[in-house]
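Structural characterization, general
Residues per chain, in single letters:
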Amino acid sequence: METKVGRKQQSPGNAIKTYKYNVLTFIPLNLFEQFKRAANLYFLALLILQVIPEISTLPWYTTLIPLVVVLGVTAIKDLVDDLARHRMDKEINNRKSEVLLNGRFQEAKWRDIQVGDVVRLKKNDFVPADILLLSSSNPNSLCYVETAELDGETNLKFKMGLRVTDERLQEERQLAEFDALIDCEEPNNRLDKFTGTMLWRRERYPLDLDNMLLRGCKVRNTEECHGLVIFAGADTKIMRNGGKTRFKRTKIDKLMNYMVYTIFVLLVLVAAGLAIGHTFWWEQIGSKAWYLFDGKDQDASYRGFLSFWGYLIVLNTMVPISLYVSVEIIRLGQSKFINWDLQMYFAEKDTPAKARTTTLNEQLGQIEYIFSDKTGTLTQNVMQFKKCTIAGRIRSGLFTHNALLWCPWFQPVDFSWNQYADRKFQFTDHALVSCVRSRKDKDAVEFFKLLSLCHTVMVEHKDGELVYQAASPDEGALVTAARNFGYVFLSRTQDSITIREADQEATYEMLALLDFNSDRKRMSIILRCPDGRVRLYCKGADTVIYERLSPNSRHKETTQAALDVFANETLRTLCLCYKDISDAEYNAWSRKHKEAQVTMVDRDAALDRVYEQIENNLMLIGATAIEDKLQDGVPETIAKLAKADIKIWVLTGDKKETAENIGYSCSLLTDDMQIHYGEDPLTQRPGRKKTAEPFFTTPGKNALIITGGWLNEILYEKKKKRRRLRLHLLMWCVHVFQIDFVDMACECEAVICCRVTPKQKANVVSLVKKYKKAVTLSIGDGANDVNMIKTADIGVGISGQEGMQAVMSSDYAFAQFRYLQRLLLVHGRWSYIRMCKFLRFFFFKNFAFTLVHFWYSFFSGYSSQVAYEDWFITLYNLFYSSLPVLLVGLLDQDVNDKLSLKFPKLYLPGQQGSLFNYKNFFISLFHGIFVSLIIFFIPYGAFLQTMGQDGEAPSDYQSFAVVTASSLIFTVNLQISLDTSYWTFVNCFAVLGSIAIYFGIMFDIHSAGIHVIFTSQFTFTGVASNALRQPYLWLTIILTVGISLLPVICIQFLHKTIWPSVGDKVQRNRRKYELELEEEERKRAPAFQRGRRSRRSAYAFSHSRGYADLIASGRSIRRRPPTRGGPQDSIREVPQTEAENI
C-alpha cells in the first residue's frame, strides 16, 4: 500500500461506525437476528398455524404473548447496547485535532481526517488514526504513549520518529513541504507489527511499529508531536481488531440443544399418534354421533391431518420458549456474583475478579485439565538478582532472613558509596563488590559493563532519581544490579548509550541493536567504545549461546557446572558473552544489515539471517541467576485442585533439568514417582494393539517430563518438504502417535512440558481436547499465553507484571493464582449445580403441564382440545412457575463456600457430568409423565357422578380445568421447594408469591366484570369462585398434590440414607464441619509444610521483545511472544483424615 503526503480523496475517511441499527433498521434487523434462533422460529411457525381456523384449537395470544415477551426482553437489551454504541461513535467522531490544511494547522473533527494528512497532537490528546511519528518536542523525537485502549496496559510506551524527520520536520513550514512516499503493508489487525519504508529525497528509510502511533493511544509526557496519517477509520488496527471472537459453548449448552431436538421429535411422534387416534375415532364413533355433526364434508383422514397440526399447537409447551431467556438471566446473575466476590479481590492492586463472559459459568464446575504458565502465573514475576558466575567462579548474593540470624557476618553490602544505588537492592558478597570497585578483575568489569549496556531499558529522571522502564522484569533486575555495582545506565539516544563507570561518565556509540524474540532467545548490541574499538555484547539462553561460542572461549565447563547448580535451585539463568569486531568486518556486515532493514518481503527472516552472520565466535564471560518468588497461596491452591481430581499440566520454557527440580520443589513430583523423559515410553511401545491397554504396567505413580523439541515430532511441526505419496501415510502415523502421547500423558500423575513455545502450548491443549473430549482451562498472564488461553474451553487471565494481553483475551480474570480454587470449587461448582437443577426442574414442570392434554385427549375423541383455560396456558411459564425455579438457578447451594473448599471431592459430579445428562432428562420426562397422570386422573375420578353441597354438580369441564390447574401449581411449587437446598426469604416469597399470583389472576379473569368488557376472550365467568368453594374439591387438590409428591419424598429419603453422595454426607454433618472450620481459623494452625527446595524458575530472558527498534531508529524483527518457563508449584499437605473419608 502506498501513501503520499497530502489528501487522497479516494481514501476512506476517519469516521467509525460500531453501531448495528438505526431508527429504520432496528425492528426488522433485530427481529431477523432473533428469528435465526431455531426456538424463536419454531414458535413463529406455531403462531402462524394458530391463525388458521381449521387447525387452531388455542387462541393466537397463548403463543403470541410469551413470544412477544421473549423477543421484547432481548430487543430491549440489544437496543440499550446499541444506543451506547451510538453515543460512543458520535463522541469519538466529533473529537477535534489540529490538521495541516493550506499550509497551516487548523482544528478539524476526527471524522474529516484523511490518509495523507499531517496532524499535530498535544499532551493528553488521543491519537485519531494510525499515524507515522515525524517529530516531537522531546529530544530525538521521543514520544510517550499510553496504550490502555489497545491492550489494557497503563504503563507508558515509547515511540520514536526517524532521525531524518526529527531533524528536518520541526517547523510548520517544513511540514507543509514534506513530500515523502510511504510504502507499507495492507491494513490488518496485527497490533504488534508494522512493516513499511519511506522514500524521501531519493533515500529509503525503514519503518516499523516503534515509529507508529496507533489509534486509541493517548499522548503522555510529550508537549507536542507531529505525524502523518497512514491508516484511517475502519482501516486502523484497533478497528480491524473489532471482529468477532471465537464463540465458546459449554457442554450443557450443547446437551440442552440436543434435548430440545429430542423433545421436538417426541412432540411430533405424540401428535402423529393422537392424529391417527382421531382418524380411527372419527370413523367408528364421531361420524355416527348426530350431536357432533359440524356440516363439513371432511373424511376421517383429512380430519386426522388437521388434528396433527392442532396437537402440535396444543403440545407446543413441551418445547419451552422461555428456557433460553431464563438460562441467560441465570448466567448473568452468576457472573455478577463472581464480580462481587470480595474474597477474590486483590486489594494491593485494587483488582477485583472479572467474569468477561456470561456464557461459561457452569463449565467452571466441569474442569478436568488445567494448563498453567509459570512466570507471573504461579510466581510473582518480581525478579531479584540472586547469584552469578564470573569467569567460572560462583558469586552468591542473597541469604534468607534465618541465615542472617544464624550467620551475622553475612550482612547486606552497604551501597551508600553509590549515589545512584537502588535502596531496595540487597547483596551479601562483599568480595565481589570490592573486586568490581577496584577494577582489578577485568572479567567482573566486563560482566557488569555488559549488563549496563546490552539491554533495551529506557530511563527517566524524576526528582533526581533514575526510573527505569524495562520491557520485562528480568531486564530491569539486571540493569539495577549493574547500577548498584557502579555501572549506572544514565541515558540513551538513537545512536548512543551513556553510563557511569568508575565514577566517570562514558558514552558508547550504538551501531546496531539486535533485539530479543522467542525464536532467537538472545539479544546483542554492537557498540563503538570510547577508545574506538567495535565490540558486540550478547546475552541469552545457554542453549543458544553455547552453540555460538568460540573454540577459544574459556570457562565453558565451569560455567556449565554453575548453570546446573542454578538450575537445581530453580533460578532463572542467562549467559553473557562478547566479541571484538574489526572495522572491515563491521562495515561489510552493516551493508547487509541495511539491505535487510528496507526489504518489504519477509523482512523478519532476512534480518534473522543477517544477525546469525555476526553472532558467532563469542567469548563467554559468565552467567546471571535471578530469583522469581512464588505467589501467595499457590501451594494450597494446587493441593486443593489435585484433591478435586483436576490434573494440572505446567507448560514452561525451562530446560529439562530445571523443570524436574521445579517439579520436586513444589511436590508436583515426589520420590515415589517413576519419572519418564519424553520419548522413553513411546519408544518402548510405539503402538498399542489394544486401545484399553495401559502404557504403564508396573504399579505405582508415574510422571512425564517432555521437551518442546520432542513435541515437534508429536505435533508434526517440522517444516520439511515431503513427497505427496508419503503424506497420507505419514499423517496417519502422526495421528496414532498423538493418540498414544495423550493416553500416556493422561495416565501420569504429573506432566511438565519444558522448552515449549507459545504455539506448542496451544497445540498441547488442542490435543487433550481432541482426543480426550475433556473440559480444559488455561491460565496465564502474558502475551505468550494468549494462544493457549483462546484454545482452551475456558481461558483465565492474571493481571500481573506482563501487561493485560492475557486478560484481554480471557473469559475470566483476576490478580492472583490462588483465586482459581475459589473460582472453580465454589463459583464453578455452584453454577453447575444450579444450572443442572434448574434445567431438570424446568423440563419436569413443562412435561407435567403439557402431558395433561395427552391424557385428556383419550376422553375428548383425540380432537386436540385443551384441558386448561386458555389464559392459564398463556401465563403458566411467565408468572405461575418461573420465579421459584429461576431463584434456585441463581441462589441455591448445597453447602457453603468454606465447606466447598474443605471438601474438594464435592467437585467430582461436575467432571462426571452426573447431574445433567440424558439419564436425568428421561428421569424428568418420566417424572413429568407420572405427575401429569396423577393430576389428570385423580380429579377425573373425583368429578365422576358427584354432587355439590348446594345441589349443583360441578362436574363440568371448566371446573375440572380449574382443579387440575390448581393441583399443578401447588405440585410444581412444592416440588421446587423440596429440591431447594438453600432457603432464603426471597425463595420463600417466590414460592408463596407464585401461588398467590395464580389465585389472584385466576379470580380476576373469572370475574363477571372482565367478561362484560372482553366477552369472547374470558369465558370462565364465575368458575373459580363456584368450584373452589366446594370442600371436596379442595380435598381432591390436596390428595392430588400429596400423591404427586409422596414418591419423590420417599426416593429422596432413601437416597440420602442408604446411598448418600459426598454432598449428602457433608450436608448431614454441616454444623459439625462449620464448627471445626471456626476452630481452625481461631488457631490459625499451618495446614501445609513447605518443601525443602526453593521455588524458582530458570532462563531469565523470557520476555517479549524490548525497545530495540525504537532505540535503533527503525528496524523490524519478529515480535512473536516469548516462551516463558513455569513449573507447577505445589507442597505437601497435612492429611485431613475426615475429609479423605468423605
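Residues numbered from 1 in each chain as written. Predicted model: local features only at pLDDT ≥ 70, side-chain atom pairs only at ≥ 80, totals over all residues. Heavy atoms only, no water.

1. Comments concerning helix α13 (residues 442-453)
In an α-helix, one turn spans 3.6 residues, which is why side chains three or four residues apart end up on the same side. In this model, α13 (twelve residues) spans 16 Å end to end at C-alpha, consistent with the 16 Å of a helix rising 1.5 Å per residue. For α13, the full list of buried residues reads Ala444, Val445, Glu446, Phe447, Phe448, Lys449, Leu450, Leu451, Ser452 and Leu453. Sitting at the head of α13, aspartate 441 places a side-chain oxygen 3.0 Å from the backbone nitrogen of aspartate 443. (Helix = DSSP H or I, 4+ residues; strand = E, 2+ residues; numbered from the N terminus. Expected span 1.5 Å × (residues − 1). Buried < 20%, exposed > 50% of the residue type's maximum accessible area, 1.4 Å probe, protein only. Polar contact = N/O pair within 3.5 Å; in protein donor to acceptor, adjacent residues only side chain to side chain.)

2. Things to note about the UniProt feature "transmembrane region" (unreviewed entry) in the protein chain
According to UniProt, the positions carrying the feature "transmembrane region" (unreviewed entry) are residues 258-282, 302-327, 838-859, 871-891, 921-945, 957-976, 988-1012 and 1032-1054. In residues 957-976, the share of helix is 100% and the share of strand is 0%. The end C-alpha atoms are 29 Å apart. (UniProt positions renumbered as here; feature names shortened; annotations may be inferred.)

3. Quick look at the sheet that holds strand β7 (residues 156-160)
Strand order in the open sheet made by the three strands is β7-β6-β12, with antiparallel pairing throughout. Edge positions in the open sheet fall to β7 and β12 (218-220), since each of these has one partner strand only. Each adjacent strand pair in this sheet contributes to an overall mean axis angle of 45°, direction not counted. (Pairing = 2+ DSSP bridges. Axes fitted to C-alpha atoms, helices over the stretch in contact; angles between N-to-C directions.)

4. Examining the packing of aromatic side chains
A full pass over the atoms with the stated rule returns 63 aromatic pairs. Centre to centre, the rings of phenylalanine 841 and phenylalanine 844 are 5.5 Å apart; their planes meet at 55°, and the pair counts as tilted. In this pair, phenylalanine 841 and phenylalanine 844 are both assigned in helix α27 (residues 819-857), three residues apart and thus about one turn of the helix distant. On the accessibility criterion, phenylalanine 841 (4% relative accessible area) is buried. (Phe/Tyr/Trp six-rings, centres within 6.5 Å; stacked < 30°, edge-to-face > 60°.)

5. Some words on a nonpolar patch on the surface
A grouping of Tyr258, Tyr261, Tyr918, Phe922 and Phe926 is seen on the molecular surface, where their side chains present a nonpolar patch of about 550 Å² in accessible area. Secondary-structure elements contributing two or more residues to the nonpolar patch are α8 (251-284) and α32 (918-943). With respect to the helices and strands, tyrosine 258 occurs in helix α8. (Patch = residues over 30% accessible without salt bridge, like charges linked within 9 Å, V, L, I, M, F, W, Y side chains within 5 Å. Areas by Shrake-Rupley, 256 points an atom, 1.4 Å probe, with all protein chains shown as cover. Salt bridge = Lys/Arg side-chain N within 4 Å of Asp/Glu carboxyl O.)

6. A short note on the pattern of salt bridges
According to the stated counting rule, one finds 42 salt bridges in the structure shown. As a salt-bridge pair, aspartate 235 and arginine 240 come within 3.0 Å of each other at their nearest N and O atoms. Judged by its relative accessible area of 18%, aspartate 235 falls in the buried class. Here the salt bridges do not stand alone but share partners, grouping Glu446, Lys449, Glu501, Asp531, Arg533, Arg535 and Asp580 into one network.

7. So, the sheet that holds strand β32 (residues 794-798)
The strand order β14-β33-β32-β31-β15-β27-β30-β29-β28 describes an open sheet built from nine strands, whose pairing is mixed. Both edges of this open sheet fall to β14 (354-355) and β28 (673-677), since each of them pairs with a single strand only. In terms of strand pairing, strand β31 (residues 776-780) meets β32 through four bridges, oriented parallel. Residue pairing for β32: leucine 777 is matched across the bridge by isoleucine 794.

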